[in-house]
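Observations on the model geometry
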Amino acid sequence: VQLQASGGGLVQAGGSLRLSCAASGRTFSRYTVAWFRQVAGKEREFVAAIRSSGGHTYYSDSVRGRFTISRDGARNSVDLQMNSLKPEDTAVYYCAAGTPILSALRQESVYYYWGQGTQVTVSS
């Protein structure tokens, strides 16, 4: 599976962005897809995930209620709608795909495939 992340950019605090993770290759719907983010000098952190079966979604506490992860079967992609953005959301955002067990889906080590990252910058 090859992943292509897009949609990043510069936005003012309170604004919105929509990231997209497009997949080519194997059927994307078979995988749990997650978004992670990383600030230079810090560890990559979990943002959100959507499971392959049932489409259950999971969020970090810092984005719950502001971000929404969803699948678009027609485009073979997973989107991350980010609303009410804050300066602390500034990071490089990565999408990843894998088949983690539920208890591990927040761990980056369980994902096999990664996109190249897209920069999100939120100005105050």
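For the structure given in this document, a descriptive report is provided here. (Residues numbered from 1 in each chain as written. Predicted model: local features only at pLDDT ≥ 70, side-chain atom pairs only at ≥ 80, totals over all residues. Heavy atoms only, no water.)

**Some words on the pairing of strand β1 (residues 2–6)**
Quick reminder of the rule: Partly exposed residues are those whose accessible area sits between 20% and 50% of the maximum for their type, while under 20% is buried and over 50% is exposed, using a 1.4 Å probe and protein chains only. Put simply, DSSP marks the helices as runs of H or I at least four residues long and the strands as runs of E at least two long, and each gets a number from the N terminus on. Here, any two strands with at least 2 DSSP bridges between them count as paired.
Side chains Leu 3 and Ala 5 project from β1 onto a buried face, and the interleaved Gln 2, Gln 4 and Ser 6 project onto a face without burial. Examined bridge by bridge, β1 and strand β3 (residues 17–24) share 5 bridges and lie antiparallel to one another. The residue bridging Gln 4 from the neighbouring strand is Ala 22, located in β3.

**A few points about the state of the cysteines**
This is how it is decided: The disulfide definition used here is simple: a pair of cysteine sulfur atoms within 2.5 Å.
Considering all chains together, one arrives at 1 disulfide under this definition. At a sulfur-sulfur separation of 2.2 Å, the disulfide partner of Cys 21 is Cys 95. Residues Cys 21 and Cys 95 are joined by a disulfide whose S-S torsion is about 70°; by sign, that bridge is right-handed. One end of the pair, Cys 21, is in strand β3; the other, Cys 95, is in strand β9 (residues 91–98), and 74 residues separate them in sequence.

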